[in-house]
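Summary of structural features
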Amino acid sequence: MNTDYLDFEQPLAELEAKINELQNVSDDNSINIDEEIQRLKDKLKSKTEAIFSNLSDWQITQLARHPKRPYTLDYIDMMFTDFQELHGDRAFADDAAIVGGLAKLDGQSVMVIGHQKGRNTKTKIKRNFGMPRPEGYRKALRLMRMAEQFDLPILTFIDTPGAYPGIGAEERGQSEAIAKNLEVMSHLKVPIICTVIGEGGSGGALAIGVGDVTLMLEYSTYSVISPEGCASILWRSAEKAQDAAEALSITSGKLKAFGLIDEIIDEPLGSAYRDTEYVAQQLKSAIVNNLKRLRELEQSDLIQKRYEKQMSYGAFSE
Amino acid sequence: MSWFQKIMSSRIRTEGGNKKKNIPEGLWGKCKSCEAVLYQPESLKQGKVCPKCGHHDSLSGRDRIEFFLDDAPIEEIAANVKPEDPLKFKDSKKYKDRIVATQKSTGENDALVAVKGQLKGRDVVVTAFDFKYMGGSMGSVVGEKFVRAAHLALEQGLPLINFAASGGARMQESLFSLMQMSKTAAALKRMKMAGLPYISVLTNPTTGGVSASLAMLGDINIAEPNALICFAGPRVIEQTVRETLPEGFQRSEFLLEKGAIDMIVTRHDLSDRIAQILDLLKPLPQAAVLTDESAVEPDEIIVADDHPKGTE
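Residues numbered from 1 in each chain as written. Chains lettered and ligands numbered in written order. Predicted model: local features only at pLDDT ≥ 70, side-chain atom pairs only at ≥ 80, totals over all residues. Heavy atoms only, no water.

1. Quick notes on the nonpolar core
Nonpolar side chains in soluble globular proteins tend to be buried together. Of all hydrophobic cores here, the largest spans 110 residues; its most connected members are A:Tyr222 and B:Leu160. In terms of residue count, the dominant contributor to this core is helix H8 (residues 174-193) of chain B (10 residues). Formed by 25 residues, the second largest nonpolar core is a distinct cluster that contains A:Tyr75, A:Ala103, A:Ile193 and A:Ala280. (Core = buried A, V, L, I, M, F, W, Y, C linked by side-chain atoms within 4.5 Å. Buried < 20%, exposed > 50% of the residue type's maximum accessible area, 1.4 Å probe, protein only. Helix = DSSP H or I, 4+ residues; strand = E, 2+ residues; numbered from the N terminus.)

Here's what the structure looks like:
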């Protein structure tokens, strides 16, 4: 079993392995087996279509956490130029679970901030699996205030299982760090566009997720609690995560229908990692379009509209 | 669930089965900390603070407000805002059924009570969580009532005081609940911009999404003694770091030491202390007027006499 692939992707992994094998054979021997390769490629495509046309919410949750899924720094690489990473919260430390800095988007200066996960054991530990500590949120806040000072739009990329639940994080005020970001972001004087690129894990995600526009990649998720966490509390068994994933309505399609997010960014067949350039292009054009629209608003309108958007969230009767 | 139960309305379905819970509470109870036997009506008069050991038991939102404010009439805010079930959420029980059952057992529409009333003669807006209502969890109704209370405070230029007692965001409303964190925080930013005081009182327990939004945003954060206040609960942290947590970790005294709160105040002293703080932050206008005798108009003196406690 190939650990770079999810359970339900294994049939695809096998087909791809076969195709690779045949391609190597044909390179070596110049025997014409193109036809067989083409047949397998067609089969791979139809199999992928079959699997992806009928994904469960739990499968989408797994895709959002896919080990090969592009992370914030990958998007920064593909969408921006002149990236200058900035470090530290000026009070305690630099938290590598959140990255941020100045960059250019089509020649225009912007502030980019996002959660960052690692790919191998070493970088996963360095990035703390994308789970920020208070200093991460305070670094983000420092950069956002700097963006306001220089009138730069803020673009955030959300991809975290949640804020880190550790002793030090509690001692240094994890709650306060998150709460402060929510408060300040609600009234910053520059446009803010937030994109969920992978896992939108609760308060740890929202702490860089208050803005004028919320975008979501097609196979990302956004939730108040992980399906596993919810299942262990409400079903008293983490094994019911599949049911919880369904019940929590955490996929882009469902959240768009509820009006809780604004736009869904299309992913290629087989999800983002199959064609990262394509996703980056889609995302870039959505951000550029929204930015253009937001830049035309008067500052007071921008803030008032953001406020009204926050106030509109909720389902109740009266 | 049998087919017969399925076709019954939520109200009837939740009626049976839980008969035990419907028995009225006895006149006598035990302190949860020292097990002293307490006479309940007297205990309520004492704000449910144990006279033997000083343990602060949880108060309902309504009892809290009654204990905290003056006897003057109060005006309830957004009393008729009721929960919906946008996700049609169902785990072992339907969310709809949980709502009906909890409404019946608590007599409240949802987990927050919001009022305008008087504290030592000063008009204030007060919101209080009800931990008995689904663990004081914050869903759409809690968020909406909180911001309406804040908006009333903004319109009338009044201080806002919140009493938090909550396990966090309400899972059954999923992302709707999460968004209440930013919704309430945004309204509090307007309070700050208007120069109006927001006093946050953290009571046992204040955790998760409520701690990480409105509860930690007070201009002044006050905790009751020995309250559990945290983002991630002790069990979650123990599972993550795989070590036993030190005694008193995440309790009020720990938070004071770490710099997260301004002070710890016992329940009996909260009204006086908060009134004092409000007087320091925003002295009532008549107090200022009285220092300048030439500016005193006869009717303003009467106003000051109407609120003798406000200038204490």
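2. A closer look at the confidence of the model for chain B
All names here are of chain B. Across chain B, pLDDT averages 88, with 85% of residues at or above 70. Every residue in residues 300-312 scores below 50 in pLDDT, and together they form 18 contacts with partners more than four places removed in sequence or on other chains. Under the prediction, the complex receives an ipTM of 0.95, its pTM being 0.90. (pLDDT = per-residue confidence, 0-100. Contact = heavy atoms within 4.5 Å.)

3. Quick word on the interface of chain A and chain B
With 47 residues of chain A in contact, the opposing surface of chain B contributes 56 residues. For the chain A and chain B pair, buried surface summed over both sides reaches about 4600 Å², with 70% attributable to carbon and sulfur atoms. At the surface where chain A touches chain B, the tally comes to three salt bridges. In this structure, the salt-bridge partner of A:Glu171 is B:Lys258, at a minimum N-O distance of 3.8 Å. Summed over the shared surface of chain A and chain B, the number is 18 residue pairs in polar contact (both at pLDDT 80 or more). Elements that contribute at least two residues to the side of chain A that touches chain B include exactly helix H7 (167-171), helix H8 (174-185), helix H9 (202-206), strand E7 (221-223), helix H10 (227-235), helix H11 (241-248), helix H14 (299-312) and strand E9 (316-317) of chain A. At eight residues, H8(A) tops the list of elements feeding residues into the side of chain A that touches chain B. Here the side of chain A that touches chain B is built from residues that sort into 28 nonpolar, 13 polar and six charged. Two strands pair when backbone bridges link them, and E9(A) and strand E4 (residues 82-83) of chain B are joined in this way by two bridges, in the antiparallel orientation. Its bridge partner lying in E4(B), A:Ser317 is registered against B:Lys82. (Buried area = accessible area lost by both parts, 1.4 Å probe. Salt bridge = Lys/Arg side-chain N within 4 Å of Asp/Glu carboxyl O. Polar contact = N/O pair within 3.5 Å; in protein donor to acceptor, adjacent residues only side chain to side chain. Nonpolar A, V, L, I, M, F, W, Y, C, P; charged D, E, K, R; others polar. Pairing = 2+ DSSP bridges.)

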